[in-house]
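An overview of the molecular structure
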Amino acid sequence: MLRASLRQVSAALKEGRVAPTELCQRCLALIKSTKFLNAYITVAEETAMKQAEESDERYKRGQPLGILDGIPVAVKDNFNTAGIETTCASNMLKGYISPYNATVVQKLLDQGAVLLGKTNLDEFAMGSGSTDGVFGPVRNPWSYSKQYKEKSVPKSHSEESDWVITGGSSGGSAAAVSSFTCFAALGSDTGGSTRNPAAHCGVVGLKPTYGLISRHGLIPLVNSMDVPGILTRCVDDAAVLLGSLAGHDPKDSTTIQDDFEPFELPNLTDVSKLSIGIPKEYHAPGLSSEILALWSKAADLFKNAGAKVVEVSLPHTRYSIVCYHVLCTAEVASNMARFDGLEYGHRSDMKDSTESMYAATRREGFNDVVRGRILSGNYFLLKQNYEKYFVKAQKVRRLIANDFVKVFRSGVDILLTPTTLSDAAPYTEFIQEDNRTRSTQDDILTQAANMAGEQGQELNCFPLPSHFTCPVPLGLPAINVPTALSERGLPVGLQFIGRSFQEKQLLTVAKWFEKQVQFPMIQLEEVKRHDSGVFQHQKSASFS
Amino acid sequence: MRALLLGRWLRAGPGPPRVPPRPESRHRGNGGNGGHGPLRQKVSVEVLDHLEHLALVDFRDSEGVERLHKAIQFADQLHEVNTDGVELMDSVLEDRCLYLREDDVTEGNCTKELLENAREKVEEYFVAPPGNIPLPKLEERETFLQGS
């Protein structure tokens, strides 16, 4: 039952085959027994059970609030949740109890969802491994899967050193969905932070168009690029979540005012009218041969099914990383200024002056990565650098946007690209690279380009280069669909990028693709022990 | 392809590759720098100090300073792009009007909640140490930059 999709379990709740409280209890028990994954920072056991009990009552009265009523979900720890600690995996916010719910959290709760807890991430969502938070790294559930264990030649005999990262920064959310402790989770996506861990953990990761979902209550990283991300087990579930969350929010002036109509995804059978674009610049140096082959096979799949598959060019792709780097650090420098210890969060004992108190507080509260970005951002915003860097980056952003406009105008509907350079790296390798290229770790972009240029083959085990997050500075919607397992038995996904606000088309195509590839379900010992009964007759591989 | 766990769709015979078989060649002018601009001069201690003042965040050690240098070097690649006559883009929603609410009070009166998370407060005030005192100068501060 825990392995079912959100829609399947929702149907079961409606038909009375399972009660919300039972579902909640099982999820909580599974969270406990998968604690070693470190996916959750806070588990809100009491409030979750209370929400489940209220849902029980509603189902008994035959008045569920909707498809999400009674469904256990998890939320990344950079969304404000009233009465529950929100830390952003940083010392700066340890102990901070939010006084309000983020709009998206409120929407979930209003529809009866059961909030199990807050998931782990990289500190302040800066990072691509979910290894840099103060609560420690998140472990990829696939590290413990039968599929991975069968393929791995353990260097030592301990599982302890073999585990792989989840990718990031929404690693906790991805791991939570992947390990069946919840049916959907919220992440955030600024530079690939939802799609990257989705690819590594074998789940669907959707980054909707900027402006579609409210950011009110999402602790901001880059105001002009942040988007709440949706992580689910299948594309249909992502559409359900999107339907529940999208729409104008008076509290977020960057949400568009157009009416949003939730939709059900059609079962596409005829792709002959579809035009799929393959951007040639997305064959980034360092892309593993496995993923290249998979990408190629996917293109063939569409072609053989009758779609038009064309190579396209986005000439400024390689600068999108640089552009992102400058704009991101600049906005971060501004956004992190709010953390001074005065109204909330960590406060230093220094009392000499406000400035020295702020400086000490920030010194104590932020890690290297965060401090590094703040300083870089401030550098680019200095009067003498403003035109040269910040404005220049905004101009390059225009050029990148024009590239996409041109491609979409030429008749291409959807772009198909890799999501990551390779499958998930073992933690021990990932942090080694970190330490060596420490100065570039804080910037996944820098790291990516660095590796791509000089280090060739070694880089096979690196997660997402921001190369692939190209659409982010432009707000385009993108989704990762788990595609196949790698030679090491780990998930690999492919990314689809659509036109602004054309989520229905994007998800329809993604759903078709998902159906074709039949990505295998993870085989986890832990889950088998907790799961039972209700869905035993269902074949594990299909998510229809 | 044998190596990938094969779903049926993967076993279909290969056609001509539809994805670029080779990565985009590294662009001229980069030499062995792999995606960085040319090595440039280091940032002066005065500017580093200035940044620490502006950001109220410290570099902490040489790694921190090196991080900044790498970031700048990376960002310098932007200068390879010709942006003459290009209008800057500051928002993806630039074609839409910014939404403004009616000037009606819809919420508030939450003093208690707002004060809840502050460590030091007196009645309904947040308490701060004395202001208008600038951070000590470089020589007097405890900062890594002192040694530079």
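Within chain B one finds four helices and two strands. When the helices and strands of chain B are listed from N to C terminus, the series reads α-α-α-α-β-β. Looking at chain B residue by residue over its 148 residues, the buried ones come to 34%. Working note: accessible area of chain B is about 10,200 Å², and carbon and sulfur atoms make up 50% of it.

All names here are of chain A. Taking 1.5 Å of rise per residue, the 14 residues of helix H2 (residues 20–33) would be expected to cover 20 Å, and the 20 Å separating its terminal C-alpha atoms lies within 8% of that figure. Among all positions in H2, only Pro20, Thr21, Leu23, Cys24, Arg26, Cys27, Leu28, Leu30 and Ile31 are buried. Its buried side turned inward, H2 meets helix H1 (6–14), strand S1 (40–43), helix H3 (45–60), strand S2 (72–76), strand S3 (114–119) and helix H18 (525–530).

In this section: the pairing of S3(A). Walk down a regular strand and you will see the side chains alternate between the two sheet faces. All names here are of chain A. Burial analysis of S3 places six of its six residues in the buried class, which makes it a mostly covered element. The pairing of S2 with S3 spans five bridges and is classified as parallel. Bridged to Pro72 within S3 is Val114. On the question of chirality, the crossover connecting S2 to the parallel S3 by way of helix H4 (residues 103–110) is right-handed.

Once that is clear, we can look at the side chain of A:Arg318. Its location among the elements puts A:Arg318 in helix H10 (residues 317–335). Only 3.3 Å separates the side chain of A:Arg318 from the side chain of B:Gln77, close enough to count as a polar contact. For A:Arg318, the side chain forms a polar contact with the side chain of B:Glu80, separated by 3.0 Å.

This paragraph deals with the sheet that holds strand S10 (residues 478–485) of chain A. All names here are of chain A. Reading across from one edge, S1-S3-S2-S4-S6-S5-S10-S11-S9-S7-S8 is the order of the 11 strands in this open sheet, with mixed pairing throughout. The sheet terminates laterally at S1 and strand S8 (308–312), the two strands that pair on one side only. When the angles between neighbouring strand axes are averaged without regard to direction, this sheet yields 30°. Running over the sheet, H4 touches S2, S3, strand S4 (184–189) and strand S6 (227–232) and is turned about 175° from S2.

On to the interface of chain A and chain B, then. Contacts between the two partners involve 109 residues from chain A and, on the opposite side, 84 residues from chain B. Between chain A and chain B, a total of about 8,600 Å² is buried, with carbon and sulfur atoms accounting for 62% of that surface. Counting across the chain A and chain B interface gives nine salt bridges. Across the contact surface, chain A and chain B share 26 residue pairs in polar contact (both at pLDDT 80 or more). The biggest single contributor to the side of chain A that touches chain B is helix H13 (residues 383–409) of chain A, with 13 residues. Grouping the amino acids of the side of chain A that touches chain B by side-chain chemistry returns 49 nonpolar, 30 polar and 30 charged.

What follows deals with the pairing of S4(A). All names here are of chain A. Within S4, six of the six residues are buried, which leaves it mostly tucked inside the rest of the structure. The side-chain alternation of S4 yields two buried faces, one formed by Ala184, Leu186 and Ser188 and the other by Ala185, Gly187 and Asp189. Here three bridges tie S2 to S4, and the two strands are oriented parallel to one another. By the bridge assignment, Ala74 is partnered in S4 with Ala185. When S4 meets S6, the two strands line up antiparallel, connected through six bridges. Bridge pairing in S6 links Ala185 to Leu231.

The next point concerns the confidence of the model for chain B. Residues and elements named next belong to chain B. For chain B, mean pLDDT is 79; residues scoring 70 or higher make up 75% of the total. For chain B, per-element mean pLDDT is lowest for helix H1 (residues 8–11), which scores 66, and highest for strand S2 (residues 125–126), which scores 94. A low-confidence stretch, residues 1–6 stays under pLDDT 50, and its non-local contacts, those more than four residues away or across chains, total 14 contacts. Between residues 26–35, whose pLDDT stays under 50, and residues either more than four places distant or in other chains, the model counts 22 contacts. Listed scores for the predicted complex are pTM 0.90 and ipTM 0.85.

Another aspect to go through is the nonpolar core. Within the largest apolar cluster, 190 residues are counted, with the highest numbers of intra-cluster contacts made by A:Phe124, A:Phe302 and A:Phe513. Residues contacting A:Phe513, with those up to four places away along its chain left out, are A:Ala298, A:Leu301, A:Phe302, A:Val481, A:Thr483, A:Leu494, A:Phe496 and B:Trp9. Membership of the second largest hydrophobic core comes to six residues, among which are A:Leu342, A:Tyr358, A:Ala359 and B:Leu135.

Rules used in this analysis
Residues numbered from 1 in each chain as written. Chains lettered and ligands numbered in written order. Predicted model: local features only at pLDDT ≥ 70, side-chain atom pairs only at ≥ 80, totals over all residues. Heavy atoms only, no water. Helix = DSSP H or I, 4+ residues; strand = E, 2+ residues; numbered from the N terminus. Buried < 20%, exposed > 50% of the residue type's maximum accessible area, 1.4 Å probe, protein only. Areas by Shrake-Rupley, 256 points an atom, 1.4 Å probe, with all protein chains shown as cover. Expected span 1.5 Å × (residues − 1). Contact = heavy atoms within 4.5 Å. Pairing = 2+ DSSP bridges. Right-handed = clockwise from strand over helix to strand, strands pointing away. Polar contact = N/O pair within 3.5 Å; in protein donor to acceptor, adjacent residues only side chain to side chain. Axes fitted to C-alpha atoms, helices over the stretch in contact; angles between N-to-C directions. Buried area = accessible area lost by both parts, 1.4 Å probe. Salt bridge = Lys/Arg side-chain N within 4 Å of Asp/Glu carboxyl O. Nonpolar A, V, L, I, M, F, W, Y, C, P; charged D, E, K, R; others polar. pLDDT = per-residue confidence, 0-100. Core = buried A, V, L, I, M, F, W, Y, C linked by side-chain atoms within 4.5 Å.

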